[in-house]
Amino acid sequence: MSASIKQPNIITCKAAVAWGAGEALVMEEVEVSPPHPQEIRIKVVSTSLCRSDLTALDSHAIFPRIFGHEASGIVESVGEGVTEFQEGDHVLSVFTGECKTCRQCMSGKSNICQVLGLERRGVMHSDQGTRFSIKGKPVYHYCAVSSFSEYTVVHTGCAVKISSAAPLEKICLLSCGLAAGLGAAWNVADISKGSTVVIFGLGTVGLSVAQGAKIRGASQIIGVDTNPEKCDIAKAFGVTEFINPNDCNEPIQQVIKRMTDGGADYSFECIGDTGMITTALQSCCDGWGLTVTLGVPKVKPEVSAHYGLLLFGRTLKGSLFGGWRPKSDLPSLVDMYMKKEILVDEFITHNLPFDDINKGFELMREGKCLRCVIHMPK
């Protein structure tokens, strides 16, 4: 079932479609509409599996749907009015866009675009419609990207042009998780040299925080995870001490306070557990302790904490995509990778062909992978 052009403007190709919560993805023939004004159609080259895809797939979301948001590809065609991109450009997709004209984008303080922000309803930003269909019936998008398809359509503000010298099968990781962790360390927390850091959850995002903390010169980077196999992996990314809460006979925050002379300067919650946000707050120090939360909770979205934690000077901050303004900032991260200033390849534990995408999700559920990169047919 190779991709082919059915009509002048519609492409028929393979996509991994989700038909229901928790169900395996099904390879289907989908029709991909031509790009509308200010949109581009991308031939996806590589897409990596992110925990957010799995969380959304397991939830009672909108179906049928094409998930995937961490991707790289090549522009196949451009819609009316598009001048920034042309056919053949290499691009990264981004799950939160940058219009560069709204109040948030113009502020210089935020990456929460009011026009192209996180899309939750399974449609395109511009017209609230879909660009995918099966036998005339709509198939919904995910985060306005939907990269589990050989071709996809995105708004120009949700794509970033990058150097054609950068390997697409590697740098797809920079379009979400890896950048999110680095940005949380550098942009949101602004980790200082010689500081103490504790990270809860050592997946791709948590290990990226560790890498960012190491580059900034943190003196102590404590990693917390219930998977003992993460210990050796974490050391390679900068973690200096590893704690498995299952091995502790007292609350983990007490262990950390003792290790850090009263609490860490910075703590990061990278699990997606609001209870752990409270623990992370309790693990940082009085006066200036900063907790950054990056995870997306599956249940119980409310955060609860004793007011005294804040009264005594702690700060709790949220972080979406590490504070990076995607179109303005991502090219510089790609440049850092090309100059070997940041690790990216080392996060890739598995490479699979598109047809084996469900195997990648099984590996993720079993905790056996950091990033699994899915390679589309050439």
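Residues numbered from 1 in each chain as written. Predicted model: local features only at pLDDT ≥ 70, side-chain atom pairs only at ≥ 80, totals over all residues. Heavy atoms only, no water.

The chain goes by alcohol dehydrogenase in an unreviewed UniProt entry, where it is assigned to Dovyalis caffra. UniProt lists a comment for the chain under the heading Subunit (unreviewed entry), and it reads "Homodimer." (UniProt positions renumbered as here; feature names shortened; annotations may be inferred.)

Look at helix H10 (residues 326-338): 18 Å from first C-alpha to last across 13 residues, which is about the 18 Å you get at 1.5 Å a residue. When we look at burial in H10, the residues that qualify are Pro 326, Lys 327, Asp 329, Leu 330, Leu 333, Val 334 and Tyr 337. Projected onto a plane normal to the axis of H10, the buried residues spread over an arc of 165° and lie on a single side. Here the buried face of H10 lies against strand E6 (90-93), strand E10 (159-161), helix H3 (168-171) and helix H4 (177-188). Looking one or two residues beyond H10, the residue adopting positive phi is Lys 340, at roughly 60°. (Helix = DSSP H or I, 4+ residues; strand = E, 2+ residues; numbered from the N terminus. Expected span 1.5 Å × (residues − 1). Buried < 20%, exposed > 50% of the residue type's maximum accessible area, 1.4 Å probe, protein only. Arc of directions from axis to C-beta. Contact = heavy atoms within 4.5 Å.)

For the rest of this paragraph, the subject is the UniProt feature "domain: Alcohol dehydrogenase-like C-terminal" (unreviewed entry) in the chain. As recorded in UniProt, the feature "domain: Alcohol dehydrogenase-like C-terminal" (unreviewed entry) lies at residues 205-336. Split by type, residues 205-336 is 40% helix and 15% strand. Its first and last C-alpha atoms lie 18 Å apart.

We now examine the packing of H4 against helix H5 (residues 204-216). Close contact between H4 and H5 brings their axes to 7 Å; oriented N to C, the two are set at 40°. By the angle between their directions, the pair H4 and H5 is classed as oblique. In this structure, H4 crosses over H5, and the sense of that crossing is right-handed. Contacts between H4 and H5 involve Gly 177, Leu 178, Gly 181, Leu 182, Ala 184, Ala 185 and Trp 186 on the former and, on the latter, Thr 204, Val 205, Ser 208, Val 209, Gln 211, Gly 212, Ala 213, Ile 215 and Arg 216. (Axes fitted to C-alpha atoms, helices over the stretch in contact; angles between N-to-C directions. Parallel < 35°, antiparallel > 145°, perpendicular 65-115°, else oblique. Left-handed = near helix turned anticlockwise from the far one by under 90°.)

Within the largest apolar cluster, 94 residues are counted, with the highest numbers of intra-cluster contacts made by Leu 174 and Phe 268. It is H4 that contributes the most residues to this core, seven residues altogether. Setting aside chain neighbours within four positions, we find Leu 174 in contact with Leu 92, Ala 179, Phe 321, Leu 330, Leu 333, Val 334, Tyr 337, Ile 342 and Val 344. Residues Val 224, Val 255, Ile 256 and Ala 280 belong to the second largest nonpolar core, which totals eleven residues. (Core = buried A, V, L, I, M, F, W, Y, C linked by side-chain atoms within 4.5 Å.)

Contact geometry of H4 with H10 gives a least axis separation of 12 Å together with a crossing angle of 100°. Classed by the angle they form, the pair H4 and H10 counts as roughly perpendicular. Residues Ala 179, Leu 182 and Trp 186 of H4 pack against Leu 330, Leu 333 and Met 336 of H10. The residue inventory of the contact of H4 with H10, partitioned by class, reads six nonpolar, no polar and no charged. (Nonpolar A, V, L, I, M, F, W, Y, C, P; charged D, E, K, R; others polar.)

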